Amino acid sequence: MKKRIPFFIILCLLVMNGCSQKNFLKNFMANEPQINAYEITMKRDLLCLMMAYPENIIDIEKEDNKVYIVIKSGAKIIYDDKKLKNYQQKLDDPDLQDMMEEIYPLLDIHGLMDKNCDPGRIRVYPLLKEVYGKSKHEIESNLKNVRIGYKNYPFNTNNKAAKSLKLTMKEIVSLAEKNPKLYAFIVPASGTFNYRLIAGTNRLSPHSFGTAIDLRRDKRDYWKWTSREEGEKRLNAYPREIVRLFEKNNFIWGGKWAHFDILHFEYRPELILKARYFSRKPNINKPWYNGISPMDTNVKTYIQLIDKVLSEE
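Residues numbered from 1 in each chain as written. Predicted model: local features only at pLDDT ≥ 70, side-chain atom pairs only at ≥ 80, totals over all residues. Heavy atoms only, no water.

Colleague: Looking at this model, I keep getting lost on the sheet that holds strand E8 (residues 264-267). Mind explaining?
Modeller: To summarise the sheet geometry, strands pair through backbone hydrogen bonds and adopt either a parallel or an antiparallel arrangement. If you walk across this open sheet you meet the three strands as E6-E8-E7, and the pairing is antiparallel. The open sheet is flanked by strand E6 (212-214) and strand E7 (251-253), the only strands paired with a single partner. Averaged over all pairs of adjacent strands, the angle between strand axes in this sheet comes to 20°, irrespective of strand direction. Bridge count for E7 against E8 is three bridges, and the pairing is antiparallel. When the sheet's bridge partners are listed, Phe 251 is paired in E8 with Tyr 267. (Pairing = 2+ DSSP bridges. Helix = DSSP H or I, 4+ residues; strand = E, 2+ residues; numbered from the N terminus. Axes fitted to C-alpha atoms, helices over the stretch in contact; angles between N-to-C directions.)

Written out as structure tokens, the structure reads:
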């Protein structure tokens, strides 16, 4: 049986050697399940990102013990900057690990999420800009109208976002023809593309990229408009058929945020992929990619690349 070193001695060694806590733990616990779980989670996150943005992410690099995704423009985006952050800091200055950390719940929920549990509300803007456009003008050149009710709404064509919205609305309309009560939650939609900051912040709204849609508005839909009690009533009354169809087509629902935004749906394929395939904790006795089946050629190539790069010393 492995002999344990008393915690006091570990603490003294830590202070004497001036090691950072993260580096010390990495060296001391190199063979422990916690470290393996971190590495497995990182590999899964990288795989989901590559699957979600196949035309944009072309490589993975490891440099000075830090991992980056490489965009076709040549830009590199760090996976984990190794900084300890509170919730607000993750919103303001996230890395990819922060963005992917909270697993979006594909199963139904029957109450508002716990405080600061907002899977999808943390966004890495350098990635969004690389995929959907770096400026208002560039984003506008990528927009295409999608018919919702009797109006057209602009949505980003890149990365199949507009195509996914069009398919979602087609399926919802087909459902609403059998259940007309659904129309009261859909039309008139409140909007899609709107190049603006999130109120009270310096962060761009996802609507700025033309990748989010707000359906018909109710005064109880948004956490700043109403109480949690009223928001929860609205949440439980919201038709789950609509939510499931959006999620099927790689949209997340703002109803599954503690900072609830019930009319809001946002195209985030990387989060849906992680929820679909990797919602359970890693099992260190199985391949890290266990859960994805069947695999196409591209996915196999991504797995081989991730294994190769992350195994390099």
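Colleague: How should I be thinking about the side chain of Thr 168 in this particular structure?
Modeller: Looking at where Thr 168 falls in the secondary structure, it is placed in helix H8 (residues 161-178). A polar side-chain atom of Thr 168 sits 3.1 Å from a polar atom in the side chain of Asn 249. In this view, Thr 168 contacts Leu 245, Phe 246, Asn 249 and Phe 251; residues no more than four positions away in its chain are not counted. (Polar contact = N/O pair within 3.5 Å; in protein donor to acceptor, adjacent residues only side chain to side chain. Contact = heavy atoms within 4.5 Å.)

Colleague: When you look at helix H12 (residues 269-277) in this model, what are you seeing that I'm missing?
Modeller: Given 3.6 residues to a turn, an α-helix orients residues that are three or four positions apart in the same direction. Summarising burial for H12: seven of the nine residues are buried, a large majority. Buried within H12 are the following residues: Pro 269, Glu 270, Leu 271, Ile 272, Leu 273, Lys 274 and Ala 275. (Buried < 20%, exposed > 50% of the residue type's maximum accessible area, 1.4 Å probe, protein only.)

Colleague: How should the packing of aromatic side chains be read in this particular structure?
Modeller: A ring pair, where both rings are aromatic, is described by two values, the distance of the centres and the angle of the planes. Under the criterion given, the structure shown has 12 aromatic pairs. Plain terms: the ring middles of Tyr 222 and Trp 225 are 5.2 Å apart, the flat faces sit at 70° to each other, and that makes the pair edge-to-face. A relative accessible area of 18% means that Tyr 222 is categorised as buried. Both rings, one in Phe 246 and one in Phe 251, keep their centres 5.3 Å apart while their planes meet at 80°; by these two values the pair is edge-to-face. A single burial state applies to Phe 246 and to Phe 251, both of which are buried. Connected via pairs of aromatic rings, a cluster forms that spans Phe 155, Phe 185, Tyr 238, Phe 246, Phe 251, Trp 253, Phe 265 and Tyr 267. Directly above the aromatic system of Trp 225 lies the positively charged group of Arg 217, at a separation of 4.0 Å from the ring centroid. (Phe/Tyr/Trp six-rings, centres within 6.5 Å; stacked < 30°, edge-to-face > 60°. Lys NZ or Arg CZ within 6 Å of the ring centre and 35° of its normal.)

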